[in-house]
Amino acid sequence: MNVQQIKVALGERSYDIRLGAGILGTIGTLCRELGLTGTAAVVSNTTVAPLYYETVRAAMESAGYQVLLVSLPDGEAYKNSATLNLIYDALVDASLDRGSFILALGGGVIGDMAGFAAASYLRGIPFVQVPTTLLSQVDSSVGGKTGINHPRGKNLIGAFYQPKAVLIDVMTLDTLPEREFRAGLGEIVKYGAVLEGDFFRFLEENVGALLSRDKTALIEAVARSCSIKAKVVAVDEREGGVRAVLNYGHTLGHAVETLTEYTAYLHGEAVAIGMVQAAKISQQLGYCNQADRDRIEALIAALGLPAELPAFPSEKYVEALSHDKKVRDKGLLFICNRGIGAYKMERVTDLKALLEICA
């Protein structure tokens with residue numbers, strides 16, 4: 001069994017990302033290696049649990065663990081305080097103590113909520129990320145961002161809380177709906193667009209292999225995405241500086257999600273829209289040329305992802321952007337692509353002028 005290992009170097013909070021095909025059944029062995037004890041609360045949802053919980057349960061019980069399933073409703077619309085309380089209720093009902101731990105089995109919503117529950121239950125218990133969607137494998141499962149949405153903005157409530165490990169089995173992508181799979185590919189594009197031009201070229205050259213879910217291409221794409229993110233997180237764990245580059249495409253993407261109440265677009269689709277608009281803005285500000293912008297737009301189109309901002313009045317976008325967590329006293333921190341493979345952070349105080357570029 002070929003397993004890749006990528007380290008997230010954070011001193012005493014360092015951990016490994018284990019990546020391979022067909023490795024989900026090793027989760028119990030991994031937890032034993034980590035020295036985890038007590039009951040394992042598997043937080044999942046009504047879509048993922050029927051597919052993969054039995055494999056996880058069998059692996060955990062074979063390793064000597066008691067297992068508790070906490071199954072939540074599926075979807076970004078449930079990433080809120082009411083659903084978070086369902087996790088707390090289950091942990092309290094089962095009398096879980098600080099010697100127990102959480103396994104987050106699912107996509108980004110599950111990972112974020114289970115991680116926040118782990119960070120806050122009894123002031124913190126360990127957790128392990130087991131992401132089952134492409135988007136969560138390459139982004140949300142790595143780096144310790146946990147939290148929930150607020151009606152006035154995405155991820156406004158949460159904590160930085162690192163997992164003990166991340167286990168990624170690309171075989172779980174076989175059951176991912178096509179739309180969600182493509183949305184995950186959209187999240188991958190940001191790494192190449194603003195951090196590694198060679199990776200961007202790899203994506204351009206392997207669109208067909210990726211869309212056909214070729215395991216070799218997928219492992220390469222996921223591994224390189226995780227490696228790039230791990231390096232950024234190691235330098236800036238709490239997004240005080242360079243880690244903000246990972247928000248490329250997310251500023252307007254989050255506004256789109258907020259204005260459509262998280263129902264019209266998947267996260268990766270919203271980010272794709274945001275990246276196309278960010279490339280347009282980057283060109284207007286002189287950080288990239290038309291050819292760079294064309295390459296980003298062409299890759300997004302080849303992946304079958306949306307590009308146009310939905311039609312809301314500019315005032316609505318300004319309001320949504322004003323609540324973005326990246327806003328500081330000096331304005332909104334907007335990430336531009338400098339050519340392909342590099343970036344420029346731009347402070348924007350005139351949000352309306354920014355939106356006029358996208359019109």
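Parameters and conventions
- Residues numbered from 1 in each chain as written.
- Predicted model: local features only at pLDDT ≥ 70, side-chain atom pairs only at ≥ 80, totals over all residues.
- Heavy atoms only, no water.
- UniProt positions renumbered as here; feature names shortened; annotations may be inferred.
- Helix = DSSP H or I, 4+ residues; strand = E, 2+ residues; numbered from the N terminus.
- Rg over C-alpha atoms; globule rule 2.2 N^0.38 Å.
- Buried < 20%, exposed > 50% of the residue type's maximum accessible area, 1.4 Å probe, protein only.
- Areas by Shrake-Rupley, 256 points an atom, 1.4 Å probe, with all protein chains shown as cover.
- Lys, Arg positive; Asp, Glu negative; His and termini not counted.
- Charge placed at Lys NZ, Arg CZ, Asp CG, Glu CD.
- 1 Å grid on protein atoms, 1.4 Å probe; cavity = no way out; pocket = protein on both sides within 12 Å on 5 of 7 lines; lining within 4 Å.
- Points joined across faces, edges and corners; volume = space filled by probe spheres on them.
- Nonpolar A, V, L, I, M, F, W, Y, C, P; charged D, E, K, R; others polar.
- Axes fitted to C-alpha atoms, helices over the stretch in contact; angles between N-to-C directions.
- Parallel < 35°, antiparallel > 145°, perpendicular 65-115°, else oblique.
- Left-handed = near helix turned anticlockwise from the far one by under 90°.
- Contact = heavy atoms within 4.5 Å.
- Pairing = 2+ DSSP bridges.
- Salt bridge = Lys/Arg side-chain N within 4 Å of Asp/Glu carboxyl O.
- Arc of directions from axis to C-beta.
- Polar contact = N/O pair within 3.5 Å; in protein donor to acceptor, adjacent residues only side chain to side chain.

The name recorded for the chain in an unreviewed UniProt entry is 3-dehydroquinate synthase, from Geomonas oryzisoli. Check the Function (unreviewed entry) section of the UniProt entry for the chain; it says "Catalyzes the conversion of 3-deoxy-D-arabino-heptulosonate 7-phosphate (DAHP) to dehydroquinate (DHQ)." Annotation of the chain in UniProt includes, under Catalytic activity (unreviewed entry), the sentence "7-phospho-2-dehydro-3-deoxy-D-arabino-heptonate = 3-dehydroquinate + phosphate".

### Thoughts on the overall build of the chain
Along the backbone of the chain there are 14 helices and 12 strands. A compact globule built from 359 residues should have a C-alpha radius of gyration of about 21 Å, and the chain, at 20 Å, falls within 12% of that. C-alpha extents for the chain along the principal axes are approximately 60 × 40 × 35 Å. Among the 359 residues that make up the chain, the fraction classed as buried is 56%. With the model as given, the accessible surface of the chain reaches about 14,000 Å², and the carbon-plus-sulfur share is 50%. Charge centroids of the chain, computed over 35 positive and 40 negative side chains, lie 5 Å from each other.

### Digging into the layout of surface pockets
If you add up the space inside the second largest pocket, you get close to 340 Å³. Along the wall of the second largest pocket there are 16 residues; nearest its centre are His150, Pro151, Arg152, Thr258 and Tyr262. Where the lining of the second largest pocket is concerned, the elements lending two or more residues are strand E7 (145–150), helix H10 (250–259) and helix H13 (314–322). No other element matches H13, which puts three residues into the lining of the second largest pocket. Residue classes in the lining of the second largest pocket are distributed as five nonpolar, five polar and six charged.

### Describing unusual backbone geometry
Of note in this structure, Ser95 is not a glycine but carries a positive phi near 55°. Looking at the secondary structure, you find Ser95 in the loop between helix H3 (81–93) and strand E5 (101–106). Among the residues examined, Ser95 registers a relative accessible area of 59% and is labelled exposed. Positioned with a positive phi, Tyr262 is a non-glycine residue whose angle comes to about 60°. Along the chain, Tyr262 turns up in the loop between H10 and helix H11 (267–284).

### Regarding the packing of helix H6 (residues 178–194) against helix H7 (residues 197–205)
The geometry of H6 relative to H7 is characterised by a closest axis approach of 6 Å and an angle of 135° between their N-to-C directions. By the angle between their directions, the pair H6 and H7 is classed as oblique. Handedness of the H6/H7 crossing: left-handed. Here Ile188, Val189, Tyr191, Gly192 and Ala193 of H6 lie close against H7, whose contacting residues are Gly197, Phe199, Phe200 and Leu203. When grouped by side-chain class, the residues that make up the contact of H6 with H7 number seven nonpolar, two polar and no charged.

### A closer look at empty space enclosed by the protein
Here the structure, examined in full by the defined rule, presents three cavities of 30 Å³ or more. Size it by volume and the second largest cavity reaches roughly 40 Å³. Considering the residues around the second largest cavity, the lining is formed by 13 residues, among which Gly106, Gly107, Gly111, Gln129 and Ser136 are closest to the centre. Among the elements of the structure, E5, helix H4 (108–120), strand E6 (127–131) and helix H5 (134–140) are those that each provide at least two residues to the lining of the second largest cavity.

### Observations concerning the pairing of strand E2 (residues 15–20)
Strand direction decides the pairing type here: strand E1 (residues 4–8) and E2, joined by five bridges, are antiparallel. Counterpart to Gln5 in the pairing with E2 is Arg18. A loop of six residues connects E1 with E2, the two strands running antiparallel in sequence, and Gly11 in this loop sits at a positive phi of about 65°. Bridge count between E2 and strand E9 (residues 165–169): five bridges; the pairing is parallel.

### Re the pattern of salt bridges
Within the structure shown, the criterion is met by 21 salt bridges. Across the salt bridge formed by Glu237 and Arg13, the nearest N and O atoms sit 2.5 Å from each other. Here the residue Glu237 occupies a position in the loop between helix H9 (215–235) and H10, and Arg13 occupies one in the loop between E1 and E2, the gap between them amounting to 224 residues. One network of salt bridges, with partners in common, ties together Asp139, Glu187, Lys190 and Lys229.

### With respect to H13
Along H13, the residues classified as buried are Tyr317, Ala320 and Leu321. Looking straight down H13, one finds that the buried residues subtend no more than 100° of arc, so they occupy a single side.

### Comments concerning the environment of Thr37
Looking at the element boundaries, Thr37 is found in the loop between helix H1 (27–33) and strand E3 (40–45). By relative accessible area, Thr37 is classed as partly exposed at 45%. Taking the C-alpha atoms as reference points, Thr37 and Asp294, 257 residues apart in sequence, are found 52 Å from one another. Those residues in contact with Thr37 that lie beyond four places of it in its chain are Tyr65, Gly99, Ser100 and Phe101. At 3.3 Å, the side chain of Thr37 forms a polar contact with the backbone oxygen of Gly99.

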